[in-house]
Amino acid sequence: AQSVAQPEDQVNVAEGNPLTVKCTYSVSGNPYLFWYVQYPNRGLQFLLKYITGDNLVKGSYGFEAEFNKSQTSFHLKKPSALVSDSALYFCAVRDDRGSTLGRLYFGRGTQLTVWP
Amino acid sequence: DTGVSQNPRHKITKRGQNVTFRCDPISEHNRLYWYRQTLGQGPEFLTYFQNEAQLEKSRLLSDRFSAERPKGSFSTLEIQRTEQGDSAMYLCASSLLRGPFYNEQFFGPGTRLTVL
C-alpha cells in the first residue's frame, strides 16, 4: 500500500540556519515524489518533484530535496532558512503503476517555524 | 487569475442539508482531482476525472457524495444530507494529461465546509 510518513509534526529553526523536513514513503512501484507548501487559508503550492534522474532535485524558493531509494526517503532541505519559509509542508507520493495512477498520497504535514 | 478557482470559499450549513461546491481548473488541464483535508491531516484523495470521465473514486466517497464534470471543464462536488463529520477543507486540483508538467497537480484555495 502507498503511504507517506512525516515523522516530525514541527520543525523549528533559526533564520539563516539550514533546515531539513523529513519524509519517508512506501509504494509498490517506482515513486513519483512531491513537496507542497501550504500557507494559512491558502491552497497547496507545488515546490518540487522527483520523477527520475538526479537524486538531488531543486525547486522553488531555494528548496531542494534528496531522493534516497535505499532509505525510501525524500527529505526537503534549504541551506539558509527565512522567516517567510514558515508554513505547513506536505510530502506526497504517486505510484507509477497499478489502478491508483491519479491520486497523490500525502503525509500529515510538518509545521516549519523559522524564528528571527 | 489563471489558477484553479473554487467557490464558495466558505460554507456553513446545518446537519442534513445538501451542499454543492464548484471547481474551475486551469483551462488546458485535462485532469481534475478532489481531495478532503481535515485539521491536522494531509489531503486525502476523493476522486479524479480525466476530461469528463470519472476514473477513480476513493472509499471515502460515500453514497452521499457525488462529483461531476459534465463537459470536461468545471466540476461540482455535492454532499447530500451533510453530517458533522463532513466538516473539512475540500480541495480541487488539476493537471495536464501529458507533457513535461503532467505529474504536477495545481491546487485551488479550497472550500471550507462547516456543518453545524
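These numbers come from a predicted model, not from an experiment.

Definitions and cut-offs
- Residues numbered from 1 in each chain as written.
- Chains lettered and ligands numbered in written order.
- Predicted model: local features only at pLDDT ≥ 70, side-chain atom pairs only at ≥ 80, totals over all residues.
- Heavy atoms only, no water.
- Phe/Tyr/Trp six-rings, centres within 6.5 Å; stacked < 30°, edge-to-face > 60°.
- Helix = DSSP H or I, 4+ residues; strand = E, 2+ residues; numbered from the N terminus.
- Buried < 20%, exposed > 50% of the residue type's maximum accessible area, 1.4 Å probe, protein only.
- Polar contact = N/O pair within 3.5 Å; in protein donor to acceptor, adjacent residues only side chain to side chain.
- Contact = heavy atoms within 4.5 Å.

Looking at the packing of aromatic side chains
What the rule picks out here adds up to 15 aromatic pairs over all chains. Between the aromatic rings of Y35(B) and F45(B), the centroid separation amounts to 5.9 Å while the plane-to-plane angle is 75 degrees, which identifies the pairing as edge-to-face. Residue Y35(B) is found in strand β4 (residues 31–37), and its partner F45(B) is found in strand β5 (residues 44–50); the two are separated by 10 residues along the sequence. Comparing Y35(B) with F45(B), the two get one shared label, buried. By way of ring pairs, the aromatic residues F34(A), Y36(A), F46(A), F90(A), F106(A), Y33(B), Y35(B), F45(B), Y48(B) and F107(B) are connected into one cluster.

Remarks on the side chain of Q37(B)
Counting through the fold element by element, Q37(B) comes out in strand β4. Engagement of the side chain of Q37(B) in a polar contact is seen with the side chain of Q38(A), the distance being 3.1 Å. The contact partners of Q37(B), leaving out residues within four places of it in the chain, are Q38(A), L44(A), F90(A), G42(B), P43(B), A88(B), M89(B) and L91(B).

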